[in-house]
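Residue-level structural notes
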Amino acid sequence: MNFPIDRFQTLRTPFYFYDTALLKQTLDVVSAQLARHESYRMHYAVKANANPVLLRIISAHGFGADCVSGGEVQTAIAHGFAPETVVFAGVGKSDWEINVALEAGIGCFNVESAAELRAINDLAKAKGMQAPVALRVNPDIGAHTHTNITTGLAENKFGINLEQIEDVLRETLRLPGVTFKGLHFHIGSQITDMLDFQALCNRINALSGELSRHGLPVGDINVGGGLGVDYEHPDKAPMADFEAYFDVFRRHLDTQPGQTVHFELGRSIVAPCGSLITRLLYVKEGTAKRFAIVDGSMTELIRPALYHAFHLPQNLSADGSRPTATYDVVGPVCESSDVFAKAFDLPECRRGDFIAFRTAGAYGESMASGYNARPLPKSYFSSDFF
Ligand SMILES: *Cc1c(COP(=O)(O)O)cnc(C)c1O
């Protein structure tokens, strides 16, 4: 990736830098995969990154939106996503959020409990409407990823348990304020083992078979998102393996004529195109360690502190001539967890160097906070510079 560091000189760090050319290439690759199947639809998971410029680019590619709050529904529609392509998940939808989505005319509520189903039914009836709903199934499948980002196990809070799904489906068909659209699944995030998605397909096929045998409709299938990216090698692998991903569903998901298959990718679409750009403030020689203290922190990029996630640090100011040294790369926030990398080798760091943290386009800017009264990060785009 090219970083226009001459142009960065006058900008206040830290900030996000997005390679919009890479984002567009990624969207083209995904679109080409989708084009192979008339029944496949993509809903970009807005929570991965709700930056308005990125949302505009993604909606212009004709993708729908996957939202997890009323605010995301409003943001997605305000940035070009067609309301009927918006799907809305989440275990705790407030009444105002349900009303926002009803009034907007979204495509589907992904319902996560019988109690929520009844609330949506009541609110829709009060407006003389019928809410389109899919039932989110907890498929009790473990994805081989960090425990904080698995969502498909019976112990997780998400979705309706397999044993209850038939009863909730029967209730859905009886309620006058809702229209049954299909089944929704999402097993977790940063999944790189395609066998996890294959296991999901097998579970969906088994459940669909069972419901059909009981005379119940299955409707459309939403398989969620979760495809992972390579955080270790951002330049060698700047794109997730979309072909392998879609192949799993082509080969293993049984579909019926007329059945639509929905996907909700977030991370794999936006993670590679984003970097957090910081500057080196000080090198501090401790007794046991050497610290590279940068001006970026967990308030711009919380994933290392929250999930021990790795974002490759890169000294953009160093040419090939500098010797390497080993650093703990840390931010200025008053938390011991405000650490980007421990015992990491970098070309010798000097005050003022630009230090980038790569693959930060997903769950970076969207998770930024104002802790320590730090300002929210600004964002710049490759299209502004090249
Ligand atoms: C977060 C989320 C996604 C997107 O997950 P990624 O790992 O970013 O692809 C998709 N669907 C639902 C319901 C989600 O909560």
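Here the structure is shown first, and the text comes after it.
Residues numbered from 1 in each chain as written. Predicted model: local features only at pLDDT ≥ 70, side-chain atom pairs only at ≥ 80, totals over all residues. Heavy atoms only, no water.

Here we look at the layout of surface pockets
Counted as a void, the second largest pocket has a volume near 320 Å³. Counting only elements with at least two residues in the lining of the second largest pocket, the list comes to strand S2 (40–45), strand S5 (108–111), strand S8 (178–184) and strand S9 (220–222). (1 Å grid on protein atoms, 1.4 Å probe; cavity = no way out; pocket = protein on both sides within 12 Å on 5 of 7 lines; lining within 4 Å. Points joined across faces, edges and corners; volume = space filled by probe spheres on them. Helix = DSSP H or I, 4+ residues; strand = E, 2+ residues; numbered from the N terminus.)

Focus: empty space enclosed by the protein
Taken as a whole and assessed by the stated rule, the structure comprises one cavity of 30 Å³ or more. Reported here for the largest cavity is a volume of approximately 50 Å³. In terms of lining residues, the largest cavity is bounded by Val229, Asp230, Pro234, Ala237, Pro238, Met239, Ala240, Pro272 and Thr359. Classifying every residue of the lining of the largest cavity by side-chain character gives seven nonpolar, one polar and one charged. (Nonpolar A, V, L, I, M, F, W, Y, C, P; charged D, E, K, R; others polar.)

Topic: the site of the ligand
The environment of the ligand is made up of 15 residues, and the closest members are Lys47, Ser189, Glu264, Arg267 and Tyr363. At 2.3 Å from an oxygen atom of the ligand is found a side-chain nitrogen or oxygen belonging to Ser189. Between a nitrogen atom of the ligand and a side-chain N or O atom of Glu264, the distance comes to 2.7 Å. Within the complex, 95% of the 390 Å² of free accessible area of the ligand lies under protein. (Near = heavy atom within 4 Å. Polar contact = N/O pair within 3.5 Å; in protein donor to acceptor, adjacent residues only side chain to side chain. Areas by Shrake-Rupley, 256 points an atom, 1.4 Å probe, with all protein chains shown as cover.)

A closer look at the packing of aromatic side chains
Inspection of the entire model under this criterion finds 22 aromatic pairs. Aromatic pair Phe8 and Phe15: ring centres 5.1 Å apart, planes at 80°, arrangement edge-to-face. Exposure class is identical for Phe8 and Phe15. Each is buried. Ring geometry for Phe197 versus Phe249: centroids 5.9 Å apart, planes at 55°, classification tilted. Remark: Phe249 occurs in helix H9 (residues 242–252) and Phe197 occurs in helix H8 (residues 194–213); sequence separation between them is 52 residues. (Phe/Tyr/Trp six-rings, centres within 6.5 Å; stacked < 30°, edge-to-face > 60°. Buried < 20%, exposed > 50% of the residue type's maximum accessible area, 1.4 Å probe, protein only.)

Re the packing of helix H4 (residues 70–78) against helix H5 (residues 95–104)
Two elements in contact, H4 and H5, have axes whose closest approach is 8 Å; the angle formed by their N-to-C orientations is 25°. With respect to H5, the element H4 is oriented roughly parallel. Contacts from Gly70, Gly71, Val73, Gln74 and Ile77 in H4 reach Trp96, Glu97, Val100, Ala101 and Ala104 in H5. The residue inventory of the contact of H4 with H5, partitioned by class, reads six nonpolar, three polar and one charged. (Axes fitted to C-alpha atoms, helices over the stretch in contact; angles between N-to-C directions. Parallel < 35°, antiparallel > 145°, perpendicular 65-115°, else oblique. Contact = heavy atoms within 4.5 Å.)

Some details on the pairing of strand S16 (residues 354–357)
Of the two faces of S16, the one carrying Phe354 and Ala356 and the one carrying Ile355 and Phe357 are both buried. Inspection of the sheet shows strand S11 (residues 274–285) paired to S16 by four bridges, in the antiparallel sense. Following the sheet pairing, Leu276 is matched in S16 by Phe357. Of the strand pairs in this sheet, strand S13 (residues 313–315) and S16 are connected by three bridges, and their pairing is antiparallel. Directly across from Asn315, in S16, lies its bridge partner Ile355. (Pairing = 2+ DSSP bridges.)

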